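# Remarks on the overall topology
Spelled out from the first residue to the last, the chains are:
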Amino acid sequence: MNITCGLLFCLVMSIIVLFRNEQMTGLPAGTLLNVKMVAFSVIQAFFVSYTIGDLVPSYSWGTAFCAKNNMGKVPSYFITIAIHAFIIGTICSLICTFIAVDAGTFSFTTLIAWWTNYPILLLAAYVLMVIVMGPLQKAAFALTKNITD
């Protein structure tokens, strides 16, 4: 589930960032948004998102928050996803911008580049996760139903 969701998350985020950056800089179409750049961006983002996804239990934080506040199943799903998308989307987009923009040197340029894409990335992360998390969870439960430790 983490790998599939991470790859979809990274693909969507990479396409959005490359497209928006191409449009904002006035580069000719296809300069940034091409197969090679998208593949490189997805691979880079996947390593970041998979690591962050394993280290930061944001989905568990969302479910714990909803359980503590006695929320129903449907509101709990949307709020859990909102917490998860906010935390993962924020950390991953900032780290990927840090790597791509200044090649490891943090500056004001990094923050500007991150902030220009951040609102749309956060919205896209939420919408994507709302759509895919339910089916991926069902598939993961079905695949691991008979596995014992």
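These numbers were taken from a predicted model, which means no experiment stands behind them.

Because the α-helix completes a turn every 3.6 residues, residues three or four places apart line up on one side. The terminal C-alpha atoms of helix α2 (residues 35-55), which comprises 21 residues, lie 30 Å apart, in line with the 30 Å expected from a rise of 1.5 Å per residue. Within α2 the residues assigned to the buried category are V38, S41, V42, Q44, A45, F46, V48, S49 and I52. Where α2 begins, the side chain of N34 points an oxygen toward the backbone nitrogen of K36, at a separation of 3.2 Å.

Before going further, it helps to examine helix α5 (residues 108-143). For α5, built from 36 residues, the straight-helix expectation of 52 Å at 1.5 Å per residue is missed by more than 12%, its first-to-last C-alpha distance being only 46 Å. Remark: the principal bend of α5, roughly 45°, maps to Y118, with a proline, P119, within the next four residues.

To continue, consider the layout of surface pockets. To locate leftover empty space, one rolls a probe as large as a water molecule over the atoms. Its boundaries defined by the atoms lining it, the largest pocket holds a volume of some 540 Å³. Lining the largest pocket are 27 residues, and of these V17, N21, S41, C96 and A100 sit closest to its centre. Looking at the lining of the largest pocket, the elements that each hand over two or more residues are α1 (2-25), α2, α4 (73-102) and α5. Its residues placed into classes, the lining of the largest pocket shows 16 nonpolar, eleven polar and no charged.

In the contact formed by α1 and α5, the axes pass within 10 Å of each other and the chain directions differ by 155°. Taken as axis vectors, α1 and α5 run roughly antiparallel relative to one another. Considering only the axes of α1 and α5, their crossing is right-handed. In contact with T4, C5, L8, F9, V12, M13, I16, V17, R20, N21 and M24 of α1, α5 contributes T116, N117, I120, L121, A124, A125, L128, M129, V132, M133 and L136.

What follows covers the confidence of the model for the protein. Averaged over the protein, the pLDDT score is 85; the fraction of residues at 70 or greater is 94%. No element of the protein has a lower mean pLDDT than α1, at 82, and none a higher one than helix α3 (residues 58-68), at 92.

The next point concerns the nonpolar core. Core analysis: the largest hydrophobic core is formed by 28 residues, its most contacted members being F9, C10, M13, I52, I88, C92 and M129. The dominant element in this core, judged by the number of residues it contributes, is α5, at eight residues.

At their nearest, the axes of α1 and α2 sit 8 Å apart, and the two run at 130° to each other. Considering the angle they form, α1 stands oblique to α2. Judged by the sense of rotation from one axis to the other, the crossing of α1 with α2 is right-handed. Residues N2, I3, G6, L7, F9, C10, L11, S14, I15 and L18 of α1 lie in contact with α2, whose contacting residues are M37, V38, S41, V42, A45, F46, S49, Y50 and D54. Class assignment for the residues of the contact of α1 with α2 results in 13 nonpolar, five polar and one charged.

Right, let's get into unusual backbone geometry. Unusually for a residue other than glycine, N70 sits at a positive phi of about 50°. Tracing the backbone through its elements, the reader meets N70 in the loop between α3 and α4. For N70, a relative accessible area of 68% corresponds to the exposed category.

Turning to a nonpolar patch on the surface, a few remarks are in order. A surface patch of nonpolar side chains, about 350 Å² in accessible area, is lined by I120, L123, V127 and I131. Inspection of the secondary structure puts L123 in helix α5.

Analysis parameters
- Residues numbered from 1 in each chain as written.
- Predicted model: local features only at pLDDT ≥ 70, side-chain atom pairs only at ≥ 80, totals over all residues.
- Heavy atoms only, no water.
- Helix = DSSP H or I, 4+ residues; strand = E, 2+ residues; numbered from the N terminus.
- Expected span 1.5 Å × (residues − 1).
- Buried < 20%, exposed > 50% of the residue type's maximum accessible area, 1.4 Å probe, protein only.
- Polar contact = N/O pair within 3.5 Å; in protein donor to acceptor, adjacent residues only side chain to side chain.
- Bend = angle between axes of the 7 residues up to and from the residue.
- 1 Å grid on protein atoms, 1.4 Å probe; cavity = no way out; pocket = protein on both sides within 12 Å on 5 of 7 lines; lining within 4 Å.
- Points joined across faces, edges and corners; volume = space filled by probe spheres on them.
- Nonpolar A, V, L, I, M, F, W, Y, C, P; charged D, E, K, R; others polar.
- Axes fitted to C-alpha atoms, helices over the stretch in contact; angles between N-to-C directions.
- Parallel < 35°, antiparallel > 145°, perpendicular 65-115°, else oblique.
- Left-handed = near helix turned anticlockwise from the far one by under 90°.
- Contact = heavy atoms within 4.5 Å.
- pLDDT = per-residue confidence, 0-100.
- Core = buried A, V, L, I, M, F, W, Y, C linked by side-chain atoms within 4.5 Å.
- Patch = residues over 30% accessible without salt bridge, like charges linked within 9 Å, V, L, I, M, F, W, Y side chains within 5 Å.
- Areas by Shrake-Rupley, 256 points an atom, 1.4 Å probe, with all protein chains shown as cover.
- Salt bridge = Lys/Arg side-chain N within 4 Å of Asp/Glu carboxyl O.

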